[in-house]
Amino acid sequence: MRNPLRLAMTSWLVLAGCERPRASTGEALAHEYCASCHEFPQPQLLDKKTWEEKVLPAMAPRVGLKANTLADELSRSPYMKVLPTAMPAADWQKIVAYFRERAPDSLPYQSWPAGVQLNPALFRVGPFIRGMPSSGIVTLLKTDSVHRLIFIGEAGSNTLRVFDWNRRLLSTLKLGSPPTDVLVGDNRMLVLESGILDPNDEPRGSLVEYVVTGRDSLRLTRTVIDSLFRPVFIRQLDDGNGGKEFVICEYGNNRGRLALYRYDGEAYRREILDSSPGAIRFEFVDLTGDGSPDIVALLAQGDERIVLFENDGKGGFSRQRTLARFPPVYGSMYFSLHDFNGDGILDIVYVNGDNFDYSRVLKPYHGVRILENDGKNNFRERYFFPIYGAARAEISDFDRDGDPDILVTSNFADFQKHPERGIVFLENEGLYQFRPYAFTAAATNQWNLTTSADLNGDGWPDVIVAGMNLGSIARLQRGGTGGKVRAPDDPILFFENTRTPMSQGGAH
């Protein structure tokens, strides 16, 4: 679902305060022209060939240079962000030479501890439903512990399935576009539809309402909000006066936004919190300690960052503060807030591994990071575990020893050497020490979404993992939106918590 033009943004931000040798002409030009959009991507982040043949040609139109072919020029999005004054071609060639000269011939391979174990005894892994028909493009996976329901949405078929806590199918809805999120009330359900799932700038997404007429019956009633830019995430916010508001991540492509929707008695009115594309997830949390819920959001798509939108106590979020920023090649996918050092203060778990762009090479800096909070909302990296193509982190005290563990999925693992690392469990041993485990079941697919809940009522959290098969996406794109695609067998896995003490499996 990420934009293949992630790396082709307008400019790079110079890291302040770092000592460097005297800049070459190409480096100086890169800083001069590229100092306002996103974190500076050091040449060492990609190999020479990828810079020269993939990323830099994609960036050239954004600095005002014409495309190499007429077809490419005509296909350029009118919403693409372009420098107001075109860069001279000679200057651009100096920048290209700078990256080519400084970049390595190849990137180093990720280093894992020796003797990593397979298949921890804590989890019994099997299909969510054996032989379940699926397109393999799961866009929504969510559990609702209040109503004891499981929601699975797919592209390809544009369906939303509702299961009970015993994994029995209750209802199947045919939607107008792929669902990406859902909000459940006692007598209604709100479904977020993406509109067009592929990267696009059309406001075709919507929030639609279904009335629950029975445990296994739903009836479409109305469109609550329309004209959304490829929305991917929604939460409801209580305004403190009994009213309900929605905050929606509209990922978009060249256009997008993070927006607050307030009801004025007749319709929902939009208030834009951030007008850039790439909003992917947020949390409501009082991070400033003033008693009002703030918004902490992950914004990807070029200027990749985690931003605090401070609540002014009156429901406004105009004050912003960037908590962390990352180079555009990182491929931000997910974040969440947890206390990892036991000081009662929320830290950030950050996951990066999107590789569906022009730089489709294995990147050693893909993985999961813990950014520790110093108590004043200043964050620094305290832990990193490398996982190629890391997509999502499900965090809970799975082994019930008093600290949070991490289960990570990957949609771009090294399928030739280590396909079992498509799903990784990191057992927390304290003091930022984690024991890694991989799963043989991961080798059958590409894995993306996760959700957790105590499905069998034993007090221990179980996990559901869903695939995002890129082969299915490619076949769907070739065949159009009406094409039928078939996923690998068992595209959704169930990780049942067995309560078995952690013990080593087979070394790998």
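Preceding this section is the structure that the text describes.
Now for a description of the structure that goes with this document.

Analysis parameters
Residues numbered from 1 in each chain as written. Predicted model: local features only at pLDDT ≥ 70, side-chain atom pairs only at ≥ 80, totals over all residues. Heavy atoms only, no water. Helix = DSSP H or I, 4+ residues; strand = E, 2+ residues; numbered from the N terminus. Buried < 20%, exposed > 50% of the residue type's maximum accessible area, 1.4 Å probe, protein only. Contact = heavy atoms within 4.5 Å. Core = buried A, V, L, I, M, F, W, Y, C linked by side-chain atoms within 4.5 Å. Pairing = 2+ DSSP bridges. Phe/Tyr/Trp six-rings, centres within 6.5 Å; stacked < 30°, edge-to-face > 60°. Lys NZ or Arg CZ within 6 Å of the ring centre and 35° of its normal. Axes fitted to C-alpha atoms, helices over the stretch in contact; angles between N-to-C directions. Parallel < 35°, antiparallel > 145°, perpendicular 65-115°, else oblique. Left-handed = near helix turned anticlockwise from the far one by under 90°. Nonpolar A, V, L, I, M, F, W, Y, C, P; charged D, E, K, R; others polar. Polar contact = N/O pair within 3.5 Å; in protein donor to acceptor, adjacent residues only side chain to side chain. Expected span 1.5 Å × (residues − 1). Arc of directions from axis to C-beta.

### Looking at the overall build of the chain
What the chain contains, in helices and strands, is 5 helices and 29 strands. Scored against the burial criterion, the 508 residues of the chain give a buried share of 57%. Put simply, 54% of the contacts in the chain that link residues at least 6 apart link residues at least 24 apart.

### Things to note about the nonpolar core
Formed by 57 residues in total, the largest nonpolar core has its most connected members in W92, L258, V296, I306 and I348. When residues no more than four places from it in sequence are discounted, the contact partners of V296 are R281, F282, E283, V285, L287, I306, V307, L308, L323, F335 and L337.

### So, unusual backbone geometry
In this structure, N377 is a non-glycine residue whose phi angle is positive, near 65°. Mapped onto the fold, N377 is located in the loop between β21 (367-373) and β22 (379-386). Residue class for N377 comes out buried when judged on its relative accessible area of 10%. The phi angle at Y432 is positive, at roughly 60°, despite the residue not being glycine.

### Digging into the sheet that holds strand β25 (residues 423-430)
Strand order in the open sheet formed by 5 strands is β1-β26-β25-β24-β23, and the pairing between neighbours is mixed. Each edge of the open sheet is held by one strand with a lone partner, namely β1 (117-118) and β23 (390-396). Bridge count between β1 and strand β26 (residues 433-438): 2 bridges; the pairing is parallel. Among the inter-strand pairings, L118 is bridged to a residue of β26, identified as A438.

### Structural notes on the packing of aromatic side chains
Counting across every chain of the model gives 22 aromatic pairs. Residues F340 and F434 carry aromatic rings whose centres are separated by 6.2 Å and whose planes lie at 55° to one another, so their mutual orientation is tilted. Linking F340 in the loop between β19 (332-338) and β20 (347-352) with F434 in strand β26, this pair joins segments that are 94 residues apart in sequence. Taken as a pair, F340 and F434 share a single burial class, namely buried. Cluster of aromatic residues (ring-pair linked, three or more members): F123, F398, F425, Y437, F439 and F495. The ring of F335 carries the charged tip of R281 above its face, separated from the ring centre by 5.9 Å. Here the guanidinium or amino end of K417 rests over the ring plane of Y109, the centre of that ring lying 4.5 Å away.

### Description of the packing of helix α2 (residues 48-59) against helix α4 (residues 89-102)
Interaxial distance between α2 and α4 falls to 9 Å at its minimum, and their mutual angle equals 150°. What the angle tells us is that α2 and α4 run roughly antiparallel. In terms of crossing hand, the pair formed by α2 and α4 is right-handed. Of the residues in α4, those in contact with K48, W51, E52, L56 and M59 of α2 are W92, V96, F99, R100 and E101. For the contact of α2 with α4, a count of residues per class yields 6 nonpolar, no polar and 4 charged.

### Things to note about the environment of E154
Structurally, E154 is set in strand β4 (residues 149-154). You can call E154 buried: its relative accessible area is 1%. Taking the C-alpha atoms as reference, E154 lies 8.4 Å from T180; in sequence the two are 26 residues apart. Look past the residues within four positions of E154 in its chain and what remains in contact with it is M132, P133, S134, S135, G136, I137, V138, T139, T159, R161, P178 and P179. A distance of 2.9 Å separates the side chain of E154 from the side chain of S134, its partner in a polar contact.

### Concerning the sheet that holds strand β2 (residues 123-127)
In spatial order, the strands read β2-β29-β28-β27; together these 4 strands make up an open sheet with antiparallel pairing. What marks the edges here is a single partner per strand, and that holds for β2 and β27 (447-453). On average, each strand axis in the sheet is tilted by 20° relative to the strand beside it, whichever way the strands run. Where β27 and strand β28 (residues 462-467) come together, 5 bridges link them in antiparallel fashion. Residue pairing across strands places W447 opposite G467, the latter belonging to β28.

### Examining α2
Between its terminal C-alpha atoms α2 stretches 15 Å, which fits the 16 Å expected from 12 residues at 1.5 Å a residue. Taken residue by residue, α2 has T50, W51, V55, L56, A58 and M59 as its buried positions. Taken down its axis, α2 places every buried residue within 145° of arc, on the same side. Residues of α2 that are buried in the fold lie against α4. Two to three positions downstream of the cap, the backbone nitrogen of K49 sits 3.1 Å from a side-chain oxygen, assigning the N-cap of α2 to D47.

In short, geometric facts, not functional conclusions.
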